[in-house]
Amino acid sequence: MSSLLHQDLAVLYAPETADHADAIERIAAEAFGPGRFARAAERVRERQPHDPALSVVAFLHGEVVGSVRQTRVRIGATPAVMLGPLAVRPLFTKRGIGRQLMRLAADAAGQAGERVIFLVGDRAYYEPFGYRPLPVGTVRMPGPVDERRILALELVPGALEGISGAVEPRR
Ligand SMILES: CC(C)(COP(=O)(O)OP(=O)(O)OC[C@H]1O[C@@H](n2cnc3c(N)ncnc32)[C@H](O)[C@@H]1OP(=O)(O)O)[C@@H](O)C(=O)NCCC(=O)NCCS
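Description of the structure in this document. This structure is a prediction, so every number in the text was calculated from the model and none was measured.

So, how was this worked out
- Residues numbered from 1 in each chain as written.
- Predicted model: local features only at pLDDT ≥ 70, side-chain atom pairs only at ≥ 80, totals over all residues.
- Heavy atoms only, no water.
- Helix = DSSP H or I, 4+ residues; strand = E, 2+ residues; numbered from the N terminus.
- Rg over C-alpha atoms; globule rule 2.2 N^0.38 Å.
- Buried < 20%, exposed > 50% of the residue type's maximum accessible area, 1.4 Å probe, protein only.
- Contact = heavy atoms within 4.5 Å.
- Lys, Arg positive; Asp, Glu negative; His and termini not counted.
- Charge placed at Lys NZ, Arg CZ, Asp CG, Glu CD.
- Near = heavy atom within 4 Å.
- Polar contact = N/O pair within 3.5 Å; in protein donor to acceptor, adjacent residues only side chain to side chain.

When its secondary structure is counted, the protein chain shows four helices and nine strands. Listing each helix as α and each strand as β along the protein chain from the N terminus yields β-α-α-β-β-β-α-β-α-β-β-β-β. For 171 residues, the compact-globule formula gives about 16 Å, and the C-alpha radius of gyration of the protein chain, at 16 Å, lands near that figure. In terms of its C-alpha atoms, the protein chain occupies a principal-axis envelope of roughly 50 × 30 × 30 Å. The 171 residues of the protein chain split such that 43% are buried. The long-range fraction of contacts in the protein chain, counting pairs at least 24 apart against all pairs at least 6 apart in sequence, stands at 66%. Where the 22 positive side-chain charges of the protein chain centre and where its 19 negative ones centre are 3 Å apart.

Lining the immediate environment of the ligand, one finds 16 residues, of which V88, K94, G96, G98 and R99 sit closest. Residue G98 places a main-chain N or O atom 2.8 Å away from an oxygen atom belonging to the ligand. Contact between the ligand and Y125: an oxygen atom at 3.3 Å from a side-chain N or O atom of the residue. Mapped by element, the contributors of at least two residues to the shell around the ligand are helix 1 (21-32), strand 4 (78-88), helix 3 (97-111) and helix 4 (123-126).

Purely geometric stuff here, so don't read any function into it on its own.
Set out below in structure tokens:
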């Protein structure tokens, strides 16, 4: 398509509220299917609900078309934020909505005084946002996980130094 014909979608982004829960659940079901409940990250979220203030929703014409959630946890003794799930409705992918959700999620966490975000996901997608794999054995999730997919982003330089341990609810 010629760039002259390109028109950006009028997507709005806002912090999540309780009103969005049903729409977000439908998007997650569409994106991940029933297997989503078996994920190790889900075991974490069962014990520590996500923080809506750190979670971002994308809207198009009033409909939720994308979502990213973040959960305040700790890795060993170190506070950290676990990012996920991230999902954009298939009809609206590849238009930058995922990228914007990732940017706003990092901004929200940083503004809340958080220092580290980690997630379980594809390096190819998350490395452009600054995420890097953690050495295998650094983070213990409460369920089976391919540890090569555990990626982390420092919001404050040096914040990953010395980090290690089990992912636990924030106390
Ligand atoms: C992954 C997902 C969130 C991407 O959303 P999106 O709105 O299409 O993402 P964007 O348009 O902002 O893409 C950002 C960049 O990532 C790239 N990208 C998109 N999907 C990718 C993937 N699966 N792997 C690698 N790169 C990907 C895009 O090409 C784009 O790169 P560019 O800036 O060079 O063009 C979306 O496809 C989705 O919901 N998938 C199903 C759920 C899922 O897999 N979530 C991630 C769990 S780990």
